[in-house]
Amino acid sequence: MTIEWRYTTHPGLSVLSLAGHLGSDAVARFSGAIGWVTARGTGPVILDLSGLLGWSVGGQLAVAQAARRLAAEGRPLELASIPADGSLVPDGSCPPIPVHCDLDAALAAHQAVSDEQRQWCSDQWPAAQPAAAHSLL
C-alpha cells in the first residue's frame, strides 16, 4: 500500500494532506509530493496526516528529511493529526516541527481561514474532488 496526496494552497501557507500508509515503499512518492509543494507554494507547510493509516520508521524519517528540505527553502514544516501508532522523533539535524492536534487547529494558528485556495491531488485521492481541483499522476 502506498500514499495518495492532496496539495492545497492558501495565501502564504500550503497544506499537504496524505492518505494511506507512509511506509518505505511510499517514500519516493512522498518526496515527489514535497517537490511539488516546494515548487508551487510559499510560507509554512502543514503536513495533514489525518488520512494516514500509519507510518513506518522509514516514513517518519522521510518526514524529517522533508522538514530539512523545506527549511533549506526557508519554509517551516508543521504536522497536523499525527498517527496514533507513533510519534515523530527527529534527530538533532532536523529543524523544530510544531505538531497540531488537527488541521483546523493548524490553520487557526496561522489565521488561514480563506476561500482563496487551489488544490491538486493524486488520481486515487479518497475524497470526492471539488470542481476546482486538478488531478495528477
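Residues numbered from 1 in each chain as written. Predicted model: local features only at pLDDT ≥ 70, side-chain atom pairs only at ≥ 80, totals over all residues. Heavy atoms only, no water.

Draft legend 1. Looking closely at helix α2 (residues 57–72). Given a rise of 1.5 Å per residue, 16 residues ought to cover 22 Å, and the 23 Å separating the end C-alpha atoms of α2 matches this to within 8%. Inspection of α2 places Gly-59, Gln-60, Ala-62, Val-63, Ala-64, Ala-66, Ala-67 and Leu-70 among the buried residues, and these make up the whole buried set. The inward-facing, buried residues of α2 contact β2 (13–22), α1 (27–40), β3 (45–55) and β4 (77–80). Taken from the residues just after α2, Gly-74 is the one with a positive phi, measuring 80°. (Helix = DSSP H or I, 4+ residues; strand = E, 2+ residues; numbered from the N terminus. Expected span 1.5 Å × (residues − 1). Buried < 20%, exposed > 50% of the residue type's maximum accessible area, 1.4 Å probe, protein only. Contact = heavy atoms within 4.5 Å.)

Draft legend 2. Unusual backbone geometry, seen in detail. Phi is positive for Ser-81, close to 60°, though the residue is something other than glycine. Summarising the element assignment, Ser-81 is placed in the loop between β4 and β5 (99–100).

Draft legend 3. Geometry of the packing of aromatic side chains. The tally for this structure, following the rule as stated, stands at 1 aromatic pair. For the ring pair Trp-5 and Trp-36, a centre distance of 6.1 Å and an interplane angle of 50° mean the geometry is tilted. Here the residue Trp-5 occupies a position in strand β1 (residues 3–10), and Trp-36 occupies one in helix α1, the gap between them amounting to 31 residues. One residue, Arg-40, lies across the ring of Trp-36, its end atom 3.1 Å from the ring centre. (Phe/Tyr/Trp six-rings, centres within 6.5 Å; stacked < 30°, edge-to-face > 60°. Lys NZ or Arg CZ within 6 Å of the ring centre and 35° of its normal.)

Draft legend 4. Spotlight on the environment of Gln-65. Mapping Gln-65 onto the fold places it in helix α2. Given a relative accessible area of 42%, Gln-65 falls into the partly exposed group. Along the primary structure Gln-65 and Ser-31 are separated by 34 residues, whereas in three dimensions their C-alpha atoms are 8.9 Å apart.

Draft legend 5. Broad picture of the side chain of Asp-48. Inspection of the secondary structure assignment puts Asp-48 in strand β3. Arg-6 provides the closest opposite charge to the buried, unpaired Asp-48, separated from it by 4.6 Å. At 3.1 Å, the side chain of Asp-48 and the side chain of Ser-17 are in polar contact. (Lys, Arg positive; Asp, Glu negative; His and termini not counted. Salt bridge = Lys/Arg side-chain N within 4 Å of Asp/Glu carboxyl O. Polar contact = N/O pair within 3.5 Å; in protein donor to acceptor, adjacent residues only side chain to side chain.)

Draft legend 6. Looking closely at the side chain of Ser-17. Among the structural elements, Ser-17 can be located in strand β2. Those residues within four positions of Ser-17 in sequence are excluded, and the remaining contacts are Glu-4, Trp-5, Arg-6, Asp-48 and Trp-125.

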